[in-house]
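# Close look at the chain arrangement
What follows is each chain in one-letter form.
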Amino acid sequence: MSSPKTTRSGSVSGSCGPDCTCRGPIPALDDLRSAMPKQDPKSVIYMDNNATTRVDEQVVAEMLPYLTEQYGNPSSMHTFGGQVAHKIAEARQRVADLLGCLPEEILFTSCGTESDNTAIKGTLAVLPNKRKIVTTRVEHPAVLTTCRDLERHGYSISEIGVDRQGNLNLDELGFRIDDNTAIVSVMYANNETGVIFPIDEIASIVHSRGVVFHTDAVQAAGKIPLNLRNSAIDMLSLSGHKLHAPKGIGVLYVRKGTRIAPFLHGGHQESGRRGGTENVPGIIALGKACELALKYRVEENTRVKSLRDRLEAKLLASCPDCMINGNPEHRLPNTLNISFEYIEGEAILLLLNQFGICASSGSACTSGALEPSHVLRAMGVPFTAAHGSIRFSLSRFNTEAEVDFVAEVMPKIVNRLRELSPFVKR
Ligand SMILES: Cc1ncc(COP(=O)(O)O)c(C=O)c1O
C-alpha cells in the first residue's frame, strides 16, 4: 500500500505524486483518532488478500532447505540434483490434487500473468488461421492488456459485458463465438468483486463450438473447489502468491491433448513447454500451499466466509448509503466489495492506513484523475458509488477481533469524509 504524506497544515495528501490533483486534502486525524478504539500502534490488520497473501509458515519451512542445502539443478545428472527433481514431482502432484487433474497437465510458470499470456498467445501460435479472441470486459489486466496488445497486431477481440451484479450474459457468449475464434478466455472469479462465473457451463458451451477454453482462476484456486477431471476447461491459470505461497510462481493447467506453443523458448524444462531453470523453492512452496489449501479448504472457508459476512452485516448496519457490489450469492467467500456513496475510496484507504488497516479501492489515479475501475464501470455502478468502493479481502489469518475493529473504525471514517463531501445533500 502506498503511504500518505502529511502536509504542514496537518492534513494528509494523496500518494499519486507531487503534481496529482485527483483529490483534495484529507482531514487531519488527531480528533478522529481520539474517537477510535484503542489499538496496538504496530499491528497491521491485513484485509487485502486478493492483492497478495502472507506466506504460510509451513510453506516457508518446506521451501527453505531448497534455498540453503539442496540447491542442485533438477536437470543435473547427479543424485544431488536428482533429489530436487523428485521434490518437484511431488509438488506437481500436490498441485494436481488441488485441481483434480493429472500431474503432467501442470506447467509451472513465474506468475498468473505469465500463465494467462501463455494460454492465449500459445493457442494463437498453433492456430494461425484463427484471428479472434472472445473474453469479458471484467478480466484482470493480465488478460485484457494481452488482448489489447494482440488487437494492435491484427487480432479481433470480442468482450462480453456483465449485468449490474457482475453476472455474464451466456447468450451473448454463444453469439460472439464464430469460425474465426481461436480461444475463449473467461475468468473463474473476479478479483475486485469476487463474483464467480458458471465456468463449467461456459466451458461446455465453448467446447460444443469446437473452440479452446481458458479460465483465469488466480482468485478462485484454493478458495473454492475446482475439479478439472469433470469439466471441459482446456487451460486454467493460478498464482502462488494468492494462496499463501511466495510471489514468483504460477501454474498453467493444460489439459492432456491441448496444443500450445511455448511462451519461453530455451531448455527442455517442463517437457519442452517452458524453457528456463525451474524456480525450485517457489515450486516446492506452491506444492505445500496447495496441499494445505486442500486439507483446510472446507473448514477455513466456512470460517473466512462467516468473518466476511460479519463485516458486511456490521458495515451495512452502521453506514447509511452503502451497497454491496457483485452478486451476493455467487461470490468468493473471502471478498467484500462495498461502495460508500459520495466519498472517494482512495480517501477511505488513506484513513484506514492510519489505523494499520490494509484494503483496496475500486478506483485508481490515472493521469491525475481518479478513475473508477473497469469492472465497476462494466457493471454500470453509478459514478458516485463506483468512486467510493472498497475491497476487503480476508484470509485464514484474520480474526473476529480484527473484523470488529474495522467495523468500528469504518463508520467514523465515512462520516468524517462525508462531512467534507460536495456530493452530500445537506
Ligand atoms: C484474476 C487475476 N488474474 C491474474 C492476476 C495476475 O497474477 P500475478 O500477480 O501472479 O501475475 C491477478 C493478480 O491480482 C488476478 O487477480
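Further remarks concern the packing of helix H4 (residues 79-99) against helix H9 (residues 280-318). Where H4 meets H9, the closest approach of the two axes is 8 Å, and the angle between their N-to-C directions is 35°. For the pair H4 and H9, the crossing hand works out as left-handed. From H4, Val 84, Lys 87, Ile 88, Glu 90, Ala 91, Arg 94, Val 95, Asp 97 and Leu 98 reach across to H9, where they touch Val 280, Ile 283, Ile 284, Leu 286, Gly 287, Cys 290, Glu 291, Ala 293 and Leu 294. Here the residues of the contact of H4 with H9 are counted per class, giving 12 nonpolar, 1 polar and 5 charged.

As for its placement among the helices and strands, Leu 351 is situated in helix H10 (residues 345-354). Of the residues examined, Leu 351 has 24 C-beta atoms within 10 Å and is grouped as buried. Distance from Leu 351 to Met 410, taken between C-alpha atoms, is 9.3 Å for residues 59 residues apart in sequence.

We now examine the nonpolar core. With 77 residues, the main nonpolar core has Val 95, Leu 99, Tyr 253, Leu 286 and Ala 289 as its most contacted residues. At 9 residues, H9 tops the list of elements feeding residues into this core. Built from parts of two domains, this core gets at least three residues from each of domain 1 (5-54 + 297-420) and domain 2 (57-293). Within the second largest apolar cluster, 32 residues are counted, among which are Leu 336, Leu 351, Ala 359 and Val 414.

What follows concerns the site of the ligand. Around the ligand, the surrounding shell consists of Cys 111, Gly 112, Thr 113, His 140, Ala 142, Met 187, Asn 191, Asp 216, Val 218, Gln 219, Ser 239 and Gly 250. A class-by-class count of the residues in the shell around the ligand yields 4 nonpolar, 7 polar and 1 charged.

The α-helix winds at 3.6 residues per turn, so residues separated by three or four positions along the chain end up facing the same way. Of all the residues in helix H8 (residues 199-208), the buried ones are Ile 199, Ile 202, Ala 203 and Val 206. For H8, the arc enclosing every buried residue in end-on projection is 100°, short of the 170-degree limit, so these residues lie on one face. Taken together, the buried residues of H8 touch helix H7 (170-176), strand E7 (181-185) and strand E8 (212-216). Gly 210 sits one or two residues past H8 and shows a positive phi near 75°.

About the cut-offs
- Residues numbered from 1 in each chain as written.
- Predicted model: local features only at pLDDT ≥ 70, side-chain atom pairs only at ≥ 80, totals over all residues.
- Axes fitted to C-alpha atoms, helices over the stretch in contact; angles between N-to-C directions.
- Helix = DSSP H or I, 4+ residues; strand = E, 2+ residues; numbered from the N terminus.
- Left-handed = near helix turned anticlockwise from the far one by under 90°.
- Contact = placed C-beta atoms within 7 Å.
- Nonpolar A, V, L, I, M, F, W, Y, C, P; charged D, E, K, R; others polar.
- Buried ≥ 20, exposed ≤ 12 C-beta atoms within 10 Å, placed from the backbone.
- Core = buried A, V, L, I, M, F, W, Y, C linked by C-beta atoms within 7 Å.
- Domains from an automatic or database assignment.
- Near = placed C-beta within 6 Å.
- Arc of directions from axis to C-beta.

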